[in-house]
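As a plain string of letters, each chain reads:
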Amino acid sequence: MTGRPIAMWPILRALFARELRLVLRGGHLLPVLAFVFICVMLMPFGLGPELSLLQRLAPGLLWVIMLMAVLLSLDRMFQADFEDGGLDQLLLLPIALEGAVIAKICAHFVGILLPVLAAIPLAGLLLNIHPDAVLPVLATLLAGAPALVMLGAIGAALAVGVRRAGLLTVLIVTPLYVPVLVFGAGGLARALAAPGMLDVGALGVLGLISMASLFLAPPAIAAALRAGLR
Amino acid sequence: MLERLENLSALYANPRRFMNLAARVHTPLWLVAVGVLAFGLFMVSGVPDDYQQGATVRIMFVHVPAAWMALFAYSFIFFASLLAAVLRHPLGYLAARAAAPVGAVFTLVALVTGALWGQPMWGTWWVWDARLTSVLVLLFIYLGYIALWEAIDDYGRAARATSILAFVGFVNVPIVKFSVDWWNTLHQPASVSRFARPALHADFLYPLLVMGVAFLLLFLAITLTRLQMEVLRQRLRVRQSAG
């Protein structure tokens with residue numbers, strides 16, 4: 001060991017750039033986007049095409065669809081790197097695995113979740129969402145998305161290298177998503193009941209959950225990956 | 001203090017010593033559990049009908065202890081995993097694995113008896129009440145935990161991964177409870193008063209406590225049997241891998 005401190009930021013930046021390139025070039029975004037619109041298309045068939053009914057349900061439906069889209073996107077988060085040995089390389093980096101994990105998840109967030117969020121207003125349009133509801137939907141989704149991706153990564157890391165990992169991840173992660181959905185969709189319902197103002201309380205709790213998972217999830221994810229690689 | 005902890009971790013750390021102890025305790029534990037259960041059921045049969053609920057109030061004596069055990073078993077899994085992860089007690093992971101299906105079944109019993117009780121009382125099998133919903137989430141946490149054990153072939157890997165999930169789930173349970181309470185009061189404040197019932201009379205309380213002890217003993221007995229099985233299975237694994 002030399003006494004020279006290791007520059008962490010360049011490594012994290014390079015990691016983030018690599019992951020983002022992989023996410024964008026790997027074609028992971030398109031299936032997730034397609035999934036969102038397929039869900040939207042199925043809703044009128046299941047619930048009936050009545051526009052007023054769809055308008056009433058649209059905010060909650062968008063939250064559930066977003067949640068399921070994130071679940072779907074988790075599948076490849078660590079699996080490809082596990083298969084080609086990339087995860088072992090992460091473990092060998094001179095920085096904490098937790099940091100590498102955060103860089104990876106940030107790339108996933110920017111490369112997949114943000115585009116999906118950007119598509120949400122269009123999906124809402126198809127569900128005849130009320131124009132006043134678009135902004136609260138986006139605000140609550142944006143506040144909850146970090147929690148969704150962080151908690152989801154715990155499940156993806158635990159199931160890495162396992163047969164039928166996707167299904168197992170869904171089973172593990174769904175209970176963790178319950179509080180996020182409760183405060184996300186619940187806060188949304190409150191905001192829409194009193195139009196023109198956001199429910200600061202629910203949004204605050206949502207942000208709190210996101211912040212807490214931002215700090216508490218990486219150690220769990222790193223521990224799960226270490227357990228999977230040993 | 002530290003020395004004490006180390007003594008604790010050394011306690012029955014040798015699986016053979018544990019198996020000897022388990023073999024001695026096993027039958028008496030089962031006999032006591034069945035005996036207390038029989039006594040509890042006898043007490044329940046003597047409980048007077050509730051003036052509002054009639055005979056259906058007796059469902060409570062299965063329902064409430066099952067719900068207690070659903071939470072107790074999960075805490076058991078958490079502390080067993082903690083014992084294994086922190087103090088390296090070799091039986092901790094096996095004990096957590098042995099307890100998981102038992103806890104899941106108690107959770108299912110709580111849900112099913114709750115539905116059977118809810119039908120005559122509330123006029124519906126299921127309501128999206130805070131308590132029902134959080135117990136349903138608990139069931140899915142159990143199922144995910146069990147599925148993770150089953151999905152990973154390598155024992156050491158499975159043990160570490162499931163213990164991480166046990167810790168995460170243990171943090172998650174109170175958060176779910178809190179959030180679902182908030183959600184419930186948001187959507188159906190009026191129905192809560194329908195669930196309110198008068199504080200328990202002694203006629204009901206003592207049989208309930210006896211049934212609670214009976215369910216606890218049953219949990220311990222079943223888990224002990226399953227733990228013995230897990231230790232044997234572990235020995236089999238070692239033998240097979242040794243050729």
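Rules and cut-offs
Residues numbered from 1 in each chain as written. Chains lettered and ligands numbered in written order. Predicted model: local features only at pLDDT ≥ 70, side-chain atom pairs only at ≥ 80, totals over all residues. Heavy atoms only, no water. Helix = DSSP H or I, 4+ residues; strand = E, 2+ residues; numbered from the N terminus. Rg over C-alpha atoms; globule rule 2.2 N^0.38 Å. Buried < 20%, exposed > 50% of the residue type's maximum accessible area, 1.4 Å probe, protein only. Lys, Arg positive; Asp, Glu negative; His and termini not counted. Charge placed at Lys NZ, Arg CZ, Asp CG, Glu CD. Contact = heavy atoms within 4.5 Å. Areas by Shrake-Rupley, 256 points an atom, 1.4 Å probe, with all protein chains shown as cover. Buried area = accessible area lost by both parts, 1.4 Å probe. Salt bridge = Lys/Arg side-chain N within 4 Å of Asp/Glu carboxyl O. Phe/Tyr/Trp six-rings, centres within 6.5 Å; stacked < 30°, edge-to-face > 60°. Expected span 1.5 Å × (residues − 1). Bend = angle between axes of the 7 residues up to and from the residue. Axes fitted to C-alpha atoms, helices over the stretch in contact; angles between N-to-C directions. Parallel < 35°, antiparallel > 145°, perpendicular 65-115°, else oblique. Left-handed = near helix turned anticlockwise from the far one by under 90°. Nonpolar A, V, L, I, M, F, W, Y, C, P; charged D, E, K, R; others polar. Patch = residues over 30% accessible without salt bridge, like charges linked within 9 Å, V, L, I, M, F, W, Y side chains within 5 Å.

Chemist: I tried to follow the overall build of chain A on my own but got confused; where do I start?
Modeler: Each helix and strand in chain A was counted, giving nine helices and zero strands. Reading chain A from its N terminus to its C terminus gives the helix and strand order α-α-α-α-α-α-α-α-α. Whereas a compact globule of 230 residues would reach a radius of gyration of roughly 17 Å, chain A reaches 19 Å, a difference of no more than 12%. Counting every position in chain A, which comprises 230 residues, the buried fraction comes to 49%. Counting 13 positive and 10 negative side-chain charges, chain A places the averaged centre of each group 7 Å from the other.

Chemist: Please explain the overall build of chain B as it appears in this structure.
Modeler: Tallying secondary structure elements over chain B gives eight helices and zero strands in all. Listed by position from the N terminus, the elements making up chain B come as α-α-α-α-α-α-α-α. Counting the 243 residues in chain B, one finds 44% classified as buried. Across chain B, every contact between residues at least 6 apart in sequence was considered, and the portion connecting residues at least 24 apart equals 81%. Accessible area for chain B stands at about 12,600 Å²; split by element, carbon and sulfur atoms hold 69% of it.

Chemist: Can you walk me through the interface of chain A and chain B in this structure?
Modeler: Where interface size is quoted, it is often the accessible area lost as the parts come together. Taken together, the contacts link 25 residues of chain A with 26 residues of chain B. Taking both sides of the interface into account, the surface hidden between chain A and chain B amounts to around 2,300 Å²; carbon and sulfur atoms contribute 74%. The tally of links between chain A and chain B comes to one salt bridge. The partner of B:Asp153 in a salt bridge is A:Arg163, with the nearest N and O atoms 3.0 Å apart. Secondary structure elements with two or more residues in the side of chain A that touches chain B: α7 (131–158), α8 (165–193) and α9 (200–229) of chain A. With 12 residues, α8(A) is the largest single contributor of residues to the side of chain A that touches chain B.

Chemist: Is there a simple way to explain the packing of aromatic side chains in this structure?
Modeler: When we look at a pair of aromatic rings, we describe it by the centre distance and by the angle of the planes. All names here are of chain B. Under the definition given, this model contains 11 aromatic pairs over all chains. Ring centres 5.6 Å apart and planes at 80° place the aromatic pair Tyr74 and Tyr142 in the edge-to-face group. One end of the pair, Tyr74, is in helix α3 (residues 60–87); the other, Tyr142, is in helix α5 (residues 130–151), and 68 residues separate them in sequence. A relative accessible area of 3% places Tyr74 in the buried class. Relative accessible area serves as the criterion here: at 0%, Tyr142 is assigned to the buried category. Of the aromatic side chains, those joined through ring pairs into one cluster are Phe78, Phe79, Phe167 and Phe170.

Chemist: How do you make sense of the pattern of salt bridges when you look at a structure like this?
Modeler: Where charged atoms from two side chains of opposite charge approach closely, those side chains can pair. Across all of its chains, the model carries nine salt bridges over all chains by this definition. Residue A:Arg18 pairs with A:Asp81 through a salt bridge whose shortest N-O separation is 3.6 Å. One end of the pair, A:Arg18, is in helix α1 (residues 8–25); the other, A:Asp81, is in helix α4 (residues 79–83), and 63 residues separate them in sequence. By relative accessible area, which is 31% here, A:Arg18 ends up partly exposed. Residue class for A:Asp81 comes out buried when judged on its relative accessible area of 6%. The shortest N-O distance in the salt bridge between B:Arg97 and B:Glu150 comes to 3.5 Å.

Chemist: Help me understand α7(A) in this model?
Modeler: Turn by turn, an α-helix covers 3.6 residues, leaving residues three or four places apart pointing in a common direction. All names here are of chain A. The end-to-end C-alpha distance of α7, which contains 28 residues, comes to 40 Å, matching closely the 40 Å that a straight helix rising 1.5 Å per residue would cover. Most pronounced at Gly144, the bend in α7 amounts to some 40°, and the proline Pro146 follows within four residues. Buried residues dominate α7, accounting for 21 of its 28 residues.

Chemist: Quick question: what am I supposed to make of the packing of helix α2 (residues 29–47) of chain A against helix α6 (residues 97–126) of chain A here?
Modeler: A pair of packed helices is captured by two measures, namely the crossing angle of their axes and the spacing between those axes. Residues and elements named next belong to chain A. Running from N to C, α2 and α6 cross one another at 25°; their axes reach a closest spacing of 10 Å. With respect to each other, α2 and α6 are oriented roughly parallel. Considering only the axes of α2 and α6, their crossing is right-handed. Touching Leu29, Val32, Leu33, Val36, Phe37 and Val40 of α2 are Gly111, Ile112, Pro115, Val116, Ala119, Leu122, Ala123 and Leu126, all from α6.

Chemist: Could you clarify how one ought to interpret the packing of α7(A) against α8(A) in this entry?
Modeler: Residue and element names in this part refer to chain A. Contact pair α7 / α8: the axes reach a minimum separation of 9 Å and the direction vectors enclose 165°. Here α8 runs roughly antiparallel to α7, going by the angle between their axes. Crossing of α7 over α8 shows right-handed handedness. A class-by-class count of the residues in the contact of α7 with α8 yields 17 nonpolar, six polar and no charged.

Chemist: Looking at this structure, how should I read a nonpolar patch on the surface?
Modeler: A contiguous nonpolar surface patch, about 450 Å² in accessible area, is contributed by A:Ile38, A:Met41, A:Leu42 and A:Phe45. Looking at where A:Phe45 falls in the secondary structure, it is placed in helix α2.

Chemist: Teacher, can you tell me more about unusual backbone geometry here?
Modeler: Glycine aside, residues mostly have negative phi angles, and peptide bonds mostly take the trans form. Residues and elements named next belong to chain A. Of note in this structure, Asn128 is not a glycine but carries a positive phi near 60°. Relative to the helices and strands, Asn128 is located in the loop between α6 and α7. Even without glycine at this site, Arg164 takes up a positive phi of about 45°. Within the element layout of this structure, Arg164 appears in the loop between α7 and α8.

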